[in-house]
Amino acid sequence: MTADPHPAPSQNDAAIATRGVTRDFKAGQRNITVLHGIDLDIRAGELTYLVGESGSGKTTLISIMCGILWPTEGKVEVFGTDIYALSDTELVEFRLQNIGFIFQQYNLIPSIDAASNAAVPLIAQGMPRLEARERAIAMMEKLNIGDQIDKLPSQLSGGQQQRVAIARALVHEPRLVVCDEPTAALDAGSGRRVMDLLRQVAVAEDRACIIVTHDNRVFDLADRILVLEDGEITHDGTEMPEDH
Amino acid sequence: MLWIAIRMLTGDKQKFYGLVFGIAFSTLLITQQLTIFVNLIERGASGVYNVPSADVWVMDEVSRTTDVNFPMPSTALDKVRAVPGVEWAVPHLRAGASVRTSNGDLEGVSVIGVDDATLIGLPRRMAQGSTDVLSTPDSVIIDDVGTTRMFENGQSPIGERLELNDQRAVIRGVADAVPSFTSQVTLYTKYSRALNYVPGTRNRMSFVLAGASDGIAPEALTQAIEEQTGLRARTRDQFAQDGVDFIIQNTGIPLNFGITVLLGFIVGVAIVGLTFSLFIRDNVKQFGALKAIGVTNRKIRGMVASQAGLVGLIGYGLGVIGTVLFIWGFSSNPTFKGFYIPWQVPLISLAAVALILLFTGWLALRNVLKTEPAAVFR
């Protein structure tokens, strides 16, 4: 008797469970497989790094895990919900309620102030704007940018903009936080401060936090490091393998 | 989310003003050109509008408008008067003549002969003097457009002597009249005097103007007149419409104005479409982020619609205000005398603006909806 190559997701402790996740892209006439049957369990309460070279498939994997890119094959459960079994509208609503995003380029709306930017997920959930803003201001104070609430993104430094983006990702208290290359544009000191901050505010018992990075200056801050190479997980541990 | 959409739009001032300008310019062009078109073709009916007391115009059966007419024998007047239901009937003469002014200029004019006794055929209001002046020998009344054309620098025409078809005429009053389609100078005088001023064929009477007895509908009266006299009879409204239709059918005006209105529409689509596309392109990352966060396509559609709606509202308002200012600003110019904005014109422009925004908004929205949320990670 052979073992099932894609065992059912663990129902007890996995915040995210992927089984047999494959993703193909068309490049002209060619079909390129970027992910090759990824099986993975991400636990809550941990700061998980997804590490890999450019083109290794980490952005594709994280996009699939947070419900914004359909896998060609396979199954993804986020906190027990098979997200790709949901209808389009249900999936969008699921993201809105359960996932916080921190984008590499922040993607703040340039014409609204920092507090309103941070309040966007709450406003999208239908909360009255002023109430949402109050909640966002409280979150910004937690992130030590309470004095920047009325400033437009263009009036903030890169680090401050990133904190606004973090506030936006956390303001609606999501159960999964996804963070794309948060230290890519920062020097070593700033990068570590951002990671420390994320560890303080984003990691919680009931929340999973995944960070995509290839910044080896902050690898020591992870609870778990997953290395992705050519669309396959080649390492899963608390430290980076020595050959990297 | 609508608040965010509006702030996204107004935050990019350059594009916001570009969009508003595009809509305003388009609205102005469409509204202003349609207004001028409508008013201009209505000038084809000015001869009828200037005689409000006539219920029915009777003419030779080949006559088509006040200016395109074939004279009738004077017996036609008696025939019309004999028709039951006719309260009154008076002769009316309209003909062309040449005038040599005191400073030697030559001007082509229209001479209108009104009924000697009742003066029916004169415009309702006088700008200067009274209608009684026609009792004075050789007197004529000039229309106010003629005043500005023949007498420059605000010179008063009253008392001015003219050589009208080789005969003496003295201007003793100014009528407040709707200008004709060609804005030709018009001189009003008594019918009997007009016959002398405008020599011609044996038959000289252009029209018979008739009033309907109480309780007789003008439409019924025209039918009765036609049946009993063999002449052509038109109600006031019918004959006014004949004048308008004649302009539409015999000039290139509808085509020319139609082209300008179409250009206004195309310019609107081009400016607004281009600017809207640029605006969306510049914000596509933000829209992508919103979609990733969990903003539904329905809400995104609402955001783009509210942006288009705001631009449309402001641009349309400015365009219509611009047209009103244009009409008001030129109201003292004889060419634009009496111009007004028919209520249908702003509605047509509104529909055009709505079409522009629907089309350009749809194009812009397509880009947003096509944007994959996953693009924000690239």
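Up top is the structure these notes are about.
First, a word on scope: everything that follows refers to the structure included in this document. Owing to the predicted nature of the structure, the values given are computational and were not obtained by experimental measurement.

As for the packing of helix 6 (residues 158-170) of chain A against helix 7 (residues 188-202) of chain A
All names here are of chain A.
Okay, so step 1: Following both chains from N to C, one finds helix 6 and helix 7 inclined at 20°, their axes separated by 12 Å at the closest point. With respect to helix 7, the element helix 6 is oriented roughly parallel. Our pair here, helix 6 against helix 7, has a crossing hand that is right-handed. Along the contact surface, helix 6 presents Gly159, Gln162, Ile166 and Leu170, while helix 7 presents Ser190, Val194, Leu197, Leu198, Val201 and Ala202.

Comments concerning the sheet that holds strand 10 (residues 232-237) of chain A
Residue and element names in this part refer to chain A.
Okay, so step 1: Sheet architecture is open: 6 strands sit in the order 6-7-8-3-9-10, paired in mixed fashion. Looking along the sheet, the strands with just one partner apiece sit at the ends: strand 6 (99-102) and strand 10. On average, adjacent strands in this sheet sit at an angle of 20° to one another, irrespective of strand direction.
Okay, so step 2: Where strand 9 (residues 224-229) and strand 10 come together, 5 bridges link them in antiparallel fashion. Bridge assignment links Glu229 to a residue of strand 10, and that residue is Glu232.
Okay, so step 3: Helix 6 rests against strand 6 and strand 7 (176-180) of the sheet, and its axis sits at about 170° to strand 6.

Some details on the environment of Val34 of chain A
Residues and elements named next belong to chain A.
Okay, so step 1: Relative to the elements of secondary structure, Val34 occurs in strand 2 (residues 30-43).
Okay, so step 2: Judged by C-beta crowding, with 19 C-beta atoms within 10 Å, Val34 ranks as partly exposed.
Okay, so step 3: C-alpha of Val34 to C-alpha of Arg133: the two residues are 99 residues apart in sequence and 40 Å apart in space.
Okay, so step 4: Those residues within four positions of Val34 in sequence are excluded, and the remaining contacts are Arg23, Phe25, Gly57, Thr60 and Gly231.

The rules behind these values
Residues numbered from 1 in each chain as written. Chains lettered and ligands numbered in written order. Predicted model: local features only at pLDDT ≥ 70, side-chain atom pairs only at ≥ 80, totals over all residues. Axes fitted to C-alpha atoms, helices over the stretch in contact; angles between N-to-C directions. Helix = DSSP H or I, 4+ residues; strand = E, 2+ residues; numbered from the N terminus. Parallel < 35°, antiparallel > 145°, perpendicular 65-115°, else oblique. Left-handed = near helix turned anticlockwise from the far one by under 90°. Contact = placed C-beta atoms within 7 Å. Pairing = 2+ DSSP bridges. Buried ≥ 20, exposed ≤ 12 C-beta atoms within 10 Å, placed from the backbone.

Coordinates in, geometry out; function isn't part of it.
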